[in-house]
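Here is what each chain is made of, one letter per residue.
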Amino acid sequence: MRLRNIPGSREAIAKNRWCIRESEQLRGNWHQIFGNSHPIHVEIGMGKGRFLMTLARENPQINYIGIEKYSSVLLRALQKMEEEPLENIRFIRMDAETITDIFQSGETERIYLNFSDPWPKDRHAKRRLTSRQFFSRYNLILEKEGRVEFKTDNQDLFDFSLEEVKEAGWKLDGCTRDLHRDEIMNRGNIMTEYEERFSAMGNPICKLIASR
Ligand code: SAM
């Protein structure tokens, strides 16, 4: 998702109380920000943030961190937070390539990847959030029982991701190519903005859950 650049979005983010700056300094100390030691769940590429904010509202015993590369997109999530502040959620504007700089070993419990950019060219494969390079980052920051949950309507990206799970030495705890018709996998499913749009077009939604 790349919205038109919104002038002043960087400055607005810099001043916002839900958005964390200098997040490297919190590595290993995220409980200070939340004022508790609840587990941390992260969404990478959270777009406008509806998925994460719904989870945060439903699960006050979990802390949520949304990571988004673009200020203009993140700004939309911050505007929603002003309307409905949630104490168990924070946002970071960053490229997830450096995610190991902000979380220490085992500091997170779950990582959500929803409708991640496909990067269709082979030479860009390592930029895909389900590439083996990203799984090795997730391996560093997830606790032992931690897991990655990934949804997409892009069949090629899903095929690639299944291969990468195997290549990374992870195992599949769940997998479907038609989430909305899979009673078990769909239980408690929260639709993202992209999921709503693509399923309305008739695209089946794929989901995998991976752990080590
Ligand atoms: N997850 C949302 C949804 O399902 O509605 C948005 C999906 S959108 C296609 C993908 C989002 O991931 C974009 O907002 C993009 O800026 C963000 N993104 C892509 N690569 C990223 C990265 N390496 N680090 C942080 N955000 C990233």
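In short, a report on the structure. All values derive from a computational prediction rather than experimental measurement.

### What to know about the overall build of the chain
When helices and strands are counted, the chain shows seven helices and seven strands. N-terminal to C-terminal, the α/β element order of the chain is α-α-β-α-β-α-β-β-α-β-α-β-α-β. In terms of overall dimensions, the chain is globule-like: its C-alpha atoms have a radius of gyration of 16 Å, near the 17 Å expected for 212 residues. With the principal axes as the frame, the chain shows a C-alpha extent of 40 × 35 × 35 Å. Residues counted as buried form 49% of the 212 residues belonging to the chain. Residue pairs at least 24 apart in sequence account for 76% of intrachain contacts in the chain once pairs closer than 6 positions are excluded. By element, 45% of the accessible surface of the chain is carried by carbon and sulfur atoms, the whole surface being about 10,800 Å². Between the centroid of the 34 positive side chains of the chain and the centroid of its 33 negative side chains there is a distance of 4 Å.

### A closer look at the site of the ligand
In the vicinity of the ligand, 17 residues are found, and the nearest of them are Gly45, Glu68, Ala96, Thr192 and Tyr194. Glu68 has a polar side-chain atom sitting 2.6 Å from an oxygen atom of the ligand. Contact distances for the ligand include 3.0 Å between an oxygen atom and a backbone N or O atom of Tyr194. In isolation the ligand offers 600 Å² of accessible surface; the protein chains occlude 97% of this area. Of the residues belonging to the shell around the ligand, the class tally is seven nonpolar, four polar and six charged.

### Comments concerning the pattern of salt bridges
Enumeration over the complete set of coordinates arrives at 13 salt bridges. Measuring nitrogen to oxygen at the nearest pair gives 3.8 Å for the salt bridge that ties Glu149 to Arg110. Placement of Glu149 in strand S5 (residues 142-152) and of Arg110 in strand S4 (residues 108-114) is noted, with a sequence separation of 39 residues between them. Taken individually, Glu149 and Arg110 each receive the classification buried, so the pair is uniform in this respect. Taking the shortest distance from any N to any O, the salt bridge between Asp173 and Lys171 comes out at 3.3 Å. Each of Arg110, Arg147, Glu149 and Lys207 takes part in salt bridges that share partners, so that together they form one network.

Reading the values: the criteria
- Residues numbered from 1 in each chain as written.
- Predicted model: local features only at pLDDT ≥ 70, side-chain atom pairs only at ≥ 80, totals over all residues.
- Heavy atoms only, no water.
- Helix = DSSP H or I, 4+ residues; strand = E, 2+ residues; numbered from the N terminus.
- Rg over C-alpha atoms; globule rule 2.2 N^0.38 Å.
- Buried < 20%, exposed > 50% of the residue type's maximum accessible area, 1.4 Å probe, protein only.
- Contact = heavy atoms within 4.5 Å.
- Areas by Shrake-Rupley, 256 points an atom, 1.4 Å probe, with all protein chains shown as cover.
- Lys, Arg positive; Asp, Glu negative; His and termini not counted.
- Charge placed at Lys NZ, Arg CZ, Asp CG, Glu CD.
- Near = heavy atom within 4 Å.
- Polar contact = N/O pair within 3.5 Å; in protein donor to acceptor, adjacent residues only side chain to side chain.
- Nonpolar A, V, L, I, M, F, W, Y, C, P; charged D, E, K, R; others polar.
- Salt bridge = Lys/Arg side-chain N within 4 Å of Asp/Glu carboxyl O.

The values reported here are purely geometric and, on their own, carry no functional implication.
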